[in-house]
Amino acid sequence: SKGMTAAEVQAGAANAGANLRIIDDKTVGVAMGEGITRDDLFALLCGAFQIEAPDVTADDSLTKIESKYAREGEILTHPIFRQHHSETQMLRYLKSLENKDLALNHSMISLGSCTMKLNATSEMIPVTWPEFCNIHPFAPHDQVKGYHEMIQDLNTDLAEITGFAAVSAQPNSGA
């Protein structure tokens, strides 16, 4: 990749099926999630950075936990973890604790509590669908035209339904 411009690296990454963020003429930003595979990494290094036959094997010492640090006992053995079999049941249990003055929104789960109070779990299910949630935050505009169209259509429909002059899609979390 020496001698390559950031634009050349980004173009190579796009051809390899990856997106990179251009920081300046000689620097790109690479963000990877949990779903990346060695094959993905290999394709990125070859396509974007033009490295021939990169070694993407991992050093086992970096991925193993020494036995002296490994957990020996069972986890989540409290009966409560076997009593609730759905997210809704667990949320109701947590709400019952909150009602007993263990204010979860001020102790254990301070971030996200606004969203939990404002959105029913069933309303949030669609945002977990791969068709919606797997877009990279730095995806180029030409790859997210459908998202923009969907959001604009929703805003237009909501403005028409409510009689407002305009509607803007914003997250409703206070965090």
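All values reported here derive from a predicted model rather than from experimental measurement.

## Points about the overall build of the protein chain
Argument step 1. Scanning the protein chain from terminus to terminus reveals nine helices and two strands.
Argument step 2. The N-to-C order of helical and strand elements in the protein chain reads α-β-β-α-α-α-α-α-α-α-α.
Argument step 3. Residue burial in the protein chain is summarised as follows: out of 175 residues, 15% are buried.
Argument step 4. Intrachain contacts of the protein chain at a sequence separation of at least 6 include 30% that bridge at least 24 residues.
Argument step 5. Carbon together with sulfur atoms contributes 55% to the accessible area of the protein chain, which is approximately 14000 Å² in total.

## Topic: a negative patch on the surface
Argument step 1. On the surface, Glu-149, Asp-153, Asp-157 and Glu-160 cluster together into a patch of negative charge.
Argument step 2. Structurally, the position occupied by Glu-149 is in helix α9 (residues 145–162).

## Describing the nonpolar core
Across soluble globular proteins, nonpolar side chains have a tendency to be buried as a group.
Argument step 1. The biggest cluster of nonpolar side chains holds 11 residues, and these are Met-4, Ala-6, Val-9, Ala-13, Leu-20, Val-28, Leu-44, Leu-45, Ala-48, Phe-49 and Val-56.
Argument step 2. Of all the secondary-structure elements, those providing two or more residues to this core are α1 (6–15) and α2 (38–47).
Argument step 3. Broken down by element, this core gets its largest block of residues, three residues, from α1.
Argument step 4. If we ignore the near neighbours within four places in the chain, the residues touching Val-28 are Ala-6, Val-9, Leu-20, Arg-21, Ile-22, Ile-23 and Phe-49.

## Let's talk about unusual backbone geometry
Argument step 1. Positive phi outside glycine occurs at Ala-53, with the angle close to 50°.
Argument step 2. Relative to the helices and strands, Ala-53 is located in the loop between α2 and α3 (60–63).
Argument step 3. On the accessibility criterion, Ala-53 (64% relative accessible area) is exposed.
Argument step 4. Unlike most non-glycine residues, Leu-76 shows phi in positive territory, near 50°.

## Examining the pattern of salt bridges
Argument step 1. Enumeration over the complete set of coordinates arrives at one salt bridge.
Argument step 2. For Glu-66, the salt bridge goes to Lys-68, with nearest N and O atoms at 3.9 Å.
Argument step 3. Classification of Glu-66 by relative accessible area gives partly exposed; the value is 48%.
Argument step 4. Residue Lys-68 is classed as exposed on the basis of its relative accessible area of 63%.

## Things to note about the environment of Ala-43
Argument step 1. Along the chain, Ala-43 falls in helix α2.
Argument step 2. Accessibility expressed as a relative area gives 29% for Ala-43, which makes it partly exposed.
Argument step 3. A sequence separation of 10 residues divides Ala-43 from Ala-53, and the C-alpha atoms of the two residues are 9.7 Å apart.
Argument step 4. Every residue in contact with Ala-43, bar those within four places of it in the chain, is listed here: Ala-16 and Ala-48.

## Focus: the pairing of strand β1 (residues 21–24)
A regular strand places its side chains on the two faces of the sheet in alternate fashion.
Argument step 1. Where β1 meets strand β2 (residues 27–29), three bridges bridge the pair, whose relative direction is antiparallel. Bridge pairing links Ile-22 to Val-28 in β2.
Argument step 2. Between the end of β1 and the start of β2, which pair antiparallel, lie two residues.

Rules and cut-offs
- Residue numbers restart at each chain and count upward from 1, following the sequence in its written direction.
- Selection of residues for local features in this predicted model requires a pLDDT of at least 70, selection of side-chain atom pairs for listing and counting requires 80 or more, and totals for whole chains, interfaces and linings are taken over all residues.
- Side-chain measures here rest on the full set of heavy atoms in the structure, leaving out hydrogens and waters.
- Strands here are runs of E lasting at least two residues and helices are runs of H or I lasting at least four, both read from the DSSP assignment and numbered beginning at the N terminus.
- Burial classes follow relative accessibility: with a 1.4 Å probe on protein chains only, a residue under 20% of its type's maximum area counts as buried, one over 50% as exposed, and anything between as partly exposed.
- Pairs of residues are marked as contacts when any of their non-hydrogen atoms sit within 4.5 Å.
- For the accessible areas, the method is Shrake-Rupley and the probe is 1.4 Å, while residue cover comes only from the protein chains on display.
- Nonpolar side chains (Val, Leu, Ile, Met, Phe, Trp, Tyr) are joined into patches within 5 Å and like charges within 9 Å, using only residues with over 30% relative accessible area and no salt bridge.
- A carboxyl oxygen of Asp or Glu within 4 Å of a side-chain nitrogen of Lys or Arg is what we treat as a salt bridge.
- Lys and Arg are tallied as positive, Asp and Glu as negative. Neither His nor the chain termini are counted.
- By convention, the charge on Lys lies at NZ, on Arg at CZ, on Asp at CG and on Glu at CD.
- By nonpolar core is meant a set of buried Ala, Val, Leu, Ile, Met, Phe, Trp, Tyr and Cys residues that side-chain atoms within 4.5 Å join together.
- Note on pairing: two strands pair once DSSP finds at least 2 bridges between them.

Don't take any of this as a statement about function, it's just geometry.
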